[in-house]
Amino acid sequence: AMAANEIHNGDVQEMDVRLSQGKRSGQITRRRDLHKKQAMTLGRAIPSLQEGCSTSQTFGESGFETSYVVKKFPTPAEVGALEASPDRVHLSMTWMIKTMTIVQPMLSTPPPIQSRMYQELSNAYVHFTNAKKISDVPFPFNYAQILAIIL
């Protein structure tokens, strides 16, 4: 839920808001400054969560929705930590890995299978980071116009 919300409501929407409010010279900013400003202005509320199973997740016409189905609601302490965190996906990933490490001695699965769980979580985070790059970097307008003329 945190990853989908981060990609859907990423830095591009914030850039569009800044573009409509000021001159082009004031549009250059670093990512960490953008997140600090976003945290101050938008309140950084976590996405709406519903308790249920994955089969009850539905999507609207746009492919994204503002409510996500989770198995269990986060505790108030977890919600507070997520709201204060500048990188919610990383925090959620840290919690998952920590939980897996704690329960590892109690699992009866062989070590190669357990190591594969860590590997798949790592792959998921790498793919999220790549999707975030694509989401955050706007396609150059001039390049899009040239492609439209050529095609």
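The rules behind these values
Per chain, the residues get numbers from 1 upward, laid out in the order the sequence is written. Totals for whole chains, interfaces and linings use every residue, but because this is a predicted model, local features are given only for residues with pLDDT of at least 70 and side-chain atom pairs only at 80 or more, for both listing and counting. Calculation of side-chain values draws on the structure's entire complement of heavy atoms; hydrogens and water are dropped beforehand. The set of buried Ala, Val, Leu, Ile, Met, Phe, Trp, Tyr and Cys residues whose side-chain atoms join them within 4.5 Å is what this entry labels a nonpolar core. Throughout, exposure labels follow a simple rule: accessible area from a 1.4 Å probe, protein chains only, divided by the maximum for the residue type, with under 20% read as buried, over 50% as exposed, and the rest as partly exposed. In what follows, residue pairs with any heavy atoms lying within 4.5 Å of each other are defined as contacts. Each Phe, Tyr or Trp ring, with Trp reduced to its six-membered ring, pairs with another whose centre is within 6.5 Å; inter-plane angles below 30 degrees give stacked pairs, above 60 give edge-to-face pairs, and intermediate values give tilted ones. Each helix is a run of H or I in the DSSP string that is no shorter than four residues. Each strand is a run of E no shorter than two, and both are numbered from the N terminus. Think of a patch as exposed residues, more than 30% relative accessible area, with no salt bridge, where like charges cluster within 9 Å and nonpolar side chains (Val, Leu, Ile, Met, Phe, Trp, Tyr) cluster within 5 Å. Accessible areas in this description were obtained via Shrake-Rupley with a 1.4 Å probe; residue shielding takes into account the shown protein chains only. What counts as a salt bridge is simple: a side-chain nitrogen of Lys or Arg found within 4 Å of a carboxyl oxygen of Asp or Glu.

K.L.:
Could you give an account of the nonpolar core, with specific residues and numbers?
P.N.:
As a rule of thumb, soluble globular proteins bury nonpolar side chains together. One finds I46, L49, Y68, V70, L82 and L91 forming the largest nonpolar core, which totals 6 residues. With residues near it in sequence (within four places) discarded, L91 still touches A81, L82 and S85.

K.L.:
Which residues make up the packing of aromatic side chains, and what values go with them?
P.N.:
Counting across every chain of the model gives 1 aromatic pair. When the ring of Y125 is compared with that of F128, the centres are 6.1 Å apart and the planes differ by 35 degrees; the resulting orientation is tilted. A residue pair is termed a helical-turn pair when its members lie 3 or 4 positions apart in one helix, as Y125 and F128 do in helix α6 (residues 111-136) at 3 residues. Judged by relative accessible area, F128 falls into the buried class, the value being 12%.

K.L.:
Describe a nonpolar patch on the surface, with residues and values.
P.N.:
A contiguous nonpolar patch, built from F139, Y143, I146, L147, I149, I150 and L151 and spanning about 840 Å² of accessible area, is present on the exposed surface. Tracing the backbone shows F139 in the loop between α6 and α7 (141-150).

That is the geometry; function is a separate question.
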